[in-house]
Amino acid sequence: MSSVRAVSTISALLNRSPRMGVAFASVLLILGSLVYLPGISGPYVFDDAVNLLSNSYVQISELNATSLYHAAFSLQSGPLHRPVAMLTFALNYYFAGTFDDPLPFKLTNIAIHLGNGLLMFLIVRLILERLGRTGRGAVPFGNLTDGSMVLLATMAALFWTVHPIQITSVLYVVQRMASLSALFTLLGILCYLKGRLRIVAGKAGGARLILLGLIGFGGLGILSKENAVLLPLFMLTLEYTLFPNELPWTRWRELSLRSRRILVFATFLVVVLALSGVVLYALPGYAIRNFTLMERLLTEPRVLFFYLSLLVAPRIDQFALYHDEFSVSTALLNPWTTLPSAAGIIGLLALALSLRRKHPLLSLGILWFFAGHALESTLIGLEIIHEHRNYMASLGVWLVFLHVIIHAHNKYGKAWIWVIPPIMAITFAGVTLMRSLQWADFYTLASYEAAHHARSADAQNFLGVALARQDRYTEAFNAFKHASELNRNEALYRVNMHVAASIAGITLCRDEEAETLRRMKDNIDSASVFLEFENINDCVHTKCRNLQTTVLYWTEQLIETLPPHINRALFYYLRGNALAGLGRTEEAITAFMRSYQEDKKYLHPLIEATKIYIQKHNIDKAEEVLEMLRAANRGNLHPRDAEIAKLAENIGKLKKEQKISP
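Residue positions are counted from 1 within each chain, in the order its sequence is given. Where totals are concerned, whole chains, interfaces and linings use all residues; where local detail is concerned, this predicted model gives features only for residues with pLDDT of at least 70, and gives and counts side-chain atom pairs only at 80 or more. Side-chain measures were taken over the full set of non-hydrogen atoms in the model, leaving aside hydrogen atoms and water.

Our focus in this paragraph is the overall build of the protein. Tallying secondary structure elements over the protein gives 29 helices and zero strands in all. Here the globule rule is a power law, 2.2 Å times the number of residues to the power 0.38, and the radius of gyration is based on C-alpha atoms. For the protein, whose C-alpha radius of gyration is 28 Å, the value lies close to the compact-globule estimate of 26 Å for 662 residues. Each principal axis of the C-alpha atoms in the protein carries an extent, and together these give about 90 × 50 × 50 Å. Every one of the 662 residues in the protein was classed for burial, and the buried ones make up 51%. Only runs of H or I of at least four residues qualify as helices and only runs of E of at least two qualify as strands under DSSP, and these elements are numbered from the N terminus. Partly exposed residues are those whose accessible area sits between 20% and 50% of the maximum for their type, while under 20% is buried and over 50% is exposed, using a 1.4 Å probe and protein chains only.

Let's shift gears to the side chain of Q548. Topologically, Q548 is positioned in helix α24 (residues 548-561). Judged by relative accessible area, Q548 falls into the buried class, the value being 3%. Contacts are assigned to residue pairs that have any heavy atoms within 4.5 Å of one another. If we skip the residues at most four places from it in the chain, Q548 touches V540, A578, G581 and L582.

In this section: the nonpolar core. Remark: nonpolar core denotes a set of buried residues (Ala, Val, Leu, Ile, Met, Phe, Trp, Tyr, Cys) joined through side-chain atoms within 4.5 Å. Among the nonpolar cores identified, the biggest contains 137 residues, and L193 and W398 are the most heavily contacted of them. Core analysis: the next-biggest nonpolar cluster, separate from the first, contains 51 residues, L517, F533, Y573 and L574 among them.

Looking now at a positive patch on the surface. A surface patch of positive charge is lined by R133, R198, K203 and R208. On the basis of relative accessible area, R198 is assigned to the partly exposed category, the value being 33%. Within this analysis, patches are made of residues with over 30% relative accessible area and no salt bridge. Like charges are joined at 9 Å or less; nonpolar side chains (Val, Leu, Ile, Met, Phe, Trp, Tyr) at 5 Å or less. Method for areas: the Shrake-Rupley scheme with a 1.4 Å probe, in which residue coverage is limited to the protein chains shown. Each salt bridge in this description consists of a side-chain nitrogen of Lys or Arg and a carboxyl oxygen of Asp or Glu lying within 4 Å of one another. Residues scored as charged are limited to Lys and Arg (positive) and Asp and Glu (negative), so that His and the chain ends carry no count. Working definition for charges: the position is that of NZ of Lys, CZ of Arg, CG of Asp or CD of Glu.

So, on to a nonpolar patch on the surface. On the surface, V27, L31, L34, L37, L103 and L107 cluster together to form a nonpolar patch covering roughly 480 Å² of accessible area. Elements supplying a minimum of two residues to the nonpolar patch: α2 (18-33) and α6 (103-134). With respect to the element layout, L34 can be found in the loop between α2 and α3 (48-53).

Quick look at helix α13 (residues 293-312) now. How far a helix is expected to stretch is found by multiplying one less than its residue total by 1.5 Å. The first and last C-alpha atoms of α13 sit 29 Å apart over 20 residues, in line with the 28 Å expected at 1.5 Å per residue. Most pronounced at E300, the bend in α13 amounts to some 30 degrees, and the proline P301 follows within four residues. To get the bend at a residue, fit one axis to the 7 residues ending there and another to the 7 starting there, then take the angle between the axes.

In this section: the side chain of S341. Mapping S341 onto the fold places it in helix α14 (residues 338-354). Look at S341 and you get buried, because its relative accessible area is 10%. Not counting the four nearest positions on each side in its chain, S341 is found in contact with P301, R302 and F305.

Tallying each qualifying case throughout the model produces 26 salt bridges. Ionic pairing is found between E515 and R519, a salt bridge with its closest N-O pair at 3.0 Å. Note that E515 and R519 are positioned in helix α22 (residues 510-522) at a spacing of four residues, about one turn of the helix. Through salt bridges with shared partners, one network takes in E515, R518, R519 and D522.

Our focus in this paragraph is the environment of T134. Tracing the backbone shows T134 in helix α6. Note on T134: relative accessible area 28%, which makes it partly exposed. Separated by 162 residues in sequence, T134 and R296 place their C-alpha atoms 41 Å apart.

Structure follows, in structure tokens:
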């Protein structure tokens, strides 16, 4: 009975003032966020490098409109380039002055996550208040006091905040895009709920609040990451479960049969057109994947149940940065769990729809979870599985849990029921803390990932990268080789293997080079192949110079066989760098100029050609190419002003050395 007394006492205290409830929730969420602190000194991972560390536009040294604009639109991902999120990274960099210390970037992520947790609390409390006012159905919300609503909302927000599935959204720096998008989405939902309740109460200003949430915060969310496009779906889910007996829905029965049919048909047509548009947008993305649209749709039900298992029973060895060992479904019974998973998803949706009136919170929780996955776990040709896709969706699981707790308490009144939530919160926080400790160091994280996911080629490759950073290139070579054996299609691991072998002094036979080339040709559309070629670019001039001949062999073979739709600019550019490293400067310049001709928005080849002419003391040619570079730079979305200024300065110095007037 002590637990019941404690709950009653806290509930009575929270009944005194709404501010006390917010303060209570804030303190618990702040304490909960401490579980992420061990990981704030940890590494940048995955695509942090390409999006941030090697992105010179984000590394601003002064606050002006030009630098902020270029930083905002420096990302290639997404149709809108996610400028709001990129601006936050640029501002982070400006005040930190470097990327060397990840602490300020990760602290910012924790602050955003904490703010989202508080918004989750406010939203859940409004949901419970709405259900308390209506007081309908088999689950009696009418007898919930304000204090107990605060406790329940705090419980849901705390579960959401400290759960280990949120690690990648917090400590994986570039995933700020997802958490920032969620911040604006949650603000939009909060405006919607406040505005909708004002409309129900007959007060003015409700519609303006809803529009502010939908257009204002929704727009900022989409400019952070496209996930915020789901805001209207979250609003519809809340409308469907919380306001079915309010205007305009009460007018439905007053409409004529003809009007109803027209509205149903119009809605159906809009949904079909929207889905058709999404499919047309998504299809090109499958060119770089090793699975089809249908295979992804068959696989995702299994993925969703895997996510649910992580949420309900979080085992530390099941969490990972990479889940590439998760098999793709090729048919309804291959693997056999595909069909039961699909049936389970349909069953859960049917349950949510059928129990809307009797158990609205249960219905809302299920629909919320699926709404959160409607974009990234359906048609879009993204990678099969990532934990951060549960950032918004996971609240649905905790709404279902609240339904169970409320229902069990009202039906059975057992004291032990209130022991369950704190045990769950401590368990979640404990697993998150252990995971944060793993994230505190690059090698520690990579070792755990590789040990817990022995069949993951990406995890073994990650370990190889960690070993290479410690100059343990022979061990790194073995890790990359193991990764390439686990996945016999991906070229990335093979290229890494060649780099490690080059630095470690390991000689690879021609057959090894040919196998790597085969994989490149078979996966030439793969984003990882292009990324790895860009990474090799610096290496052929520094640690792996003896790879230059191999790079020439690869690029020569690839350029001859590339399909017409592939941009050849990068391959000619890489070839030029390898030739320059071998001292074949005239051939290198020819390759650089051909690279520029292939893609006149790609300015790096002109920069390198100018550098060669400066090194050769050929001022006339250097100025000629520099002028071409300046012309190409004008109006370019990603201008290279700093590099151009440096080249001009070097030419000026060369002129002075040769005593030529500027």
